[in-house]
Amino acid sequence: SFAFDRYNTYEQILEFMDQIQSEFPENSQIFTIGNTFEGRPIKGIRITKNIQNPAIFIESNIHAREWITSATSVWLIDQFLRSSNETVRSFVDGITWYIIPVLNADGYEYSYNVDRLWRKTRSTLGSILCYGADPNRNFGFNWMNGGASAVPCTDTYGGFSAFSEPETKALIDFYATIYEKVKIFLSFHSATQALLYPWGDLRPKAPNTDDLFAVAEAAINALTARHGTDYVYGNTVDILYVASGTTPDHIYGVFNTTLAYTYEMRHANTGSRFVLPPEQIIPNAEEILESIMGMVAKATELN
Ligand code: 0X9
Ligand code: ZN
């Protein structure tokens, strides 16, 4: 059954969200942004004490095999509503949170039940031979501008067209309705222990690169202070590789949410780096929470 120190099924995660909503009806609301290709509802939770507050948006488990990201999101949801820590309490008093624990629900279920290392969606739009597109190459802003493949059978296939995948389309349509309040957008991935910011393609530096760097530095200092975990941070291309059509680039480029980051969480030290032992779920989540606190503190100083 559901627990924070194990990897739960999609159904268990939805049950957890319903449970939270019924326990905290005043401050939490479940919303559905659309359905996956296979028809699963994509659900998120809004946690707020005042809808006029500035907001932070968290997208997680867009890549199917990156289970640590949804495990972290459900732990954060629980902390936001139950923690007695003063900073965490102030987070909920002063910030509206939008959290989508599992964006790629079809892929997550497929990874859970069939192929642990599955990455993409499960659509059959691009080819009858290979399933899925890489949802983190499927967003419209500078779609297919490097680091994405036009070959359906590859893991970085950008899709038949921008927003061909119902999951990315649903996310962006929902975001369009609330973006004006959002100050920070976080996309949860694993597993290179990095905090990355736009751009992911080879254009000149993002206009507010100095701020992006300063906020990332504060975020990683806070993260490492918790359990000593090593992270790197910087521009996506400098730290990792070229990637276009990613969520943060679209959110930054189209909606002008200028603090848009990718968290690449802990990796496993043996076997596949994506298969993080469940003993690390809570330590990972704890350091991410610290990191977000550091991030918010620094971002608040900026304006
Ligand atoms: O390649 C990706 O999509 C991400 N790495 S992963 O191993 N989780 O697949 C990195 C994408 C980071 N780039 C931007 N968001 N700009
Ligand atoms: Zn990923």
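Residues numbered from 1 in each chain as written. Chains lettered and ligands numbered in written order. Predicted model: local features only at pLDDT ≥ 70, side-chain atom pairs only at ≥ 80, totals over all residues.

## Let's talk about helix α6 (residues 209-227)
- Along its 19 residues, α6 runs 28 Å from first to last C-alpha, staying within 8% of the 27 Å computed at 1.5 Å per residue.
- Along α6, the residues that are buried comprise L212, V215, A216, A218, A219, I220, A222 and L223.
- On the buried face of α6, the contacting elements are β6 (194-197), β7 (232-235), β8 (259-265) and α9 (281-302).
- One or two steps after α6, the chain reaches G228, where phi turns positive at roughly 75°. (Helix = DSSP H or I, 4+ residues; strand = E, 2+ residues; numbered from the N terminus. Expected span 1.5 Å × (residues − 1). Buried ≥ 20, exposed ≤ 12 C-beta atoms within 10 Å, placed from the backbone. Contact = placed C-beta atoms within 7 Å.)

## Focus on the site of ligand 1
- N136, H189, G200, T236 and T246 are the nearest of the 16 residues found near ligand 1.
- When residues of the shell around ligand 1 are traced back to their parent elements, those giving at least two are β5 (182-190), α8 (247-255) and β8. (Near = placed C-beta within 6 Å.)

## Focus: the pairing of β5
- Among the 9 residues of β5, 7 are classified as buried, and the element is accordingly described as predominantly covered.
- Judged from the 6 bridges that link them, strand β3 (residues 55-60) and β5 form a sheet pairing that is parallel. Looking across to β5, one finds that S60 is bridged to F188.
- The sheet contact formed by β5 and β8 spans 7 bridges and is parallel. The partner of S187 across the bridge, within β8, is T262. (Pairing = 2+ DSSP bridges.)

## Things to note about the nonpolar core
- Formed by 78 residues in total, the largest nonpolar core has its most connected members in L186, L195, A216, A219 and Y261.
- If we ignore the near neighbours within four places in the chain, the residues touching L186 are I56, F57, I58, Y261 and Y263. (Core = buried A, V, L, I, M, F, W, Y, C linked by C-beta atoms within 7 Å.)

## A look at the packing of α6 against α9
- Between α6 and α9, whose axes approach to 7 Å, the crossing angle comes to 145°. Handedness of the α6/α9 crossing: right-handed. Contact residues: D211, A214, V215, A218, A219, I220, N221, A222, L223, A225, R226 and H227 in α6; P283, E286, E287, E290, S291, M293, G294, M295, A297, K298, A299 and L302 in α9.
- Across the contact of α6 with α9, the residue classes break down as 14 nonpolar, 4 polar and 6 charged. (Axes fitted to C-alpha atoms, helices over the stretch in contact; angles between N-to-C directions. Left-handed = near helix turned anticlockwise from the far one by under 90°. Nonpolar A, V, L, I, M, F, W, Y, C, P; charged D, E, K, R; others polar.)

## What about helix α4 (residues 105-113)?
- Among the 9 residues in α4, 7 count as buried, and that is most of the element.
- Those residues of α4 lying buried are A105, D106, G107, Y108, E109, Y110 and S111.
- Turning to α4, the residues buried within the fold contact α1 (10-23) and β2 (41-47).

## Quick word on the UniProt feature "domain: Peptidase M14" (unreviewed entry) in the protein
- When the UniProt feature table is mapped onto this chain numbering, "domain: Peptidase M14" (unreviewed entry) sits at residues 6-299.
- End-to-end, the C-alpha atoms of residues 6-299 are 32 Å apart, and along that stretch the chain is 38% helix and 17% strand. (UniProt positions renumbered as here; feature names shortened; annotations may be inferred.)

## Focus on the pairing of strand β1 (residues 28-35)
- In this structure, β1 lies alongside β2, joined through 7 bridges in antiparallel fashion. Residue I30 lies in a different strand from β2, and its bridge partner there is I45.

## Re unusual backbone geometry
- Cis rather than trans, the peptide bond between S190 and A191 has omega equal to 15°.
- Looking at where A191 falls in the secondary structure, it is placed in the loop between β5 and β6.
- Residue W199 is bonded to the preceding P198 through a cis peptide linkage, with omega at 0°.
- Locating W199 in the fold gives a position in the loop between β6 and α6.
- Not every positive phi belongs to a glycine, and N61 is a case in point at roughly 50°.
- Along the chain, N61 falls in the loop between β3 and α2 (67-82).
- Classification of N61 as buried rests on a count of 28 C-beta atoms within 10 Å.

## Let's talk about the UniProt feature "active site" (unreviewed entry) in the protein
- Per the UniProt record, the feature "active site" (unreviewed entry) sits at E264.
- When you line up the elements, E264 lands in strand β8.

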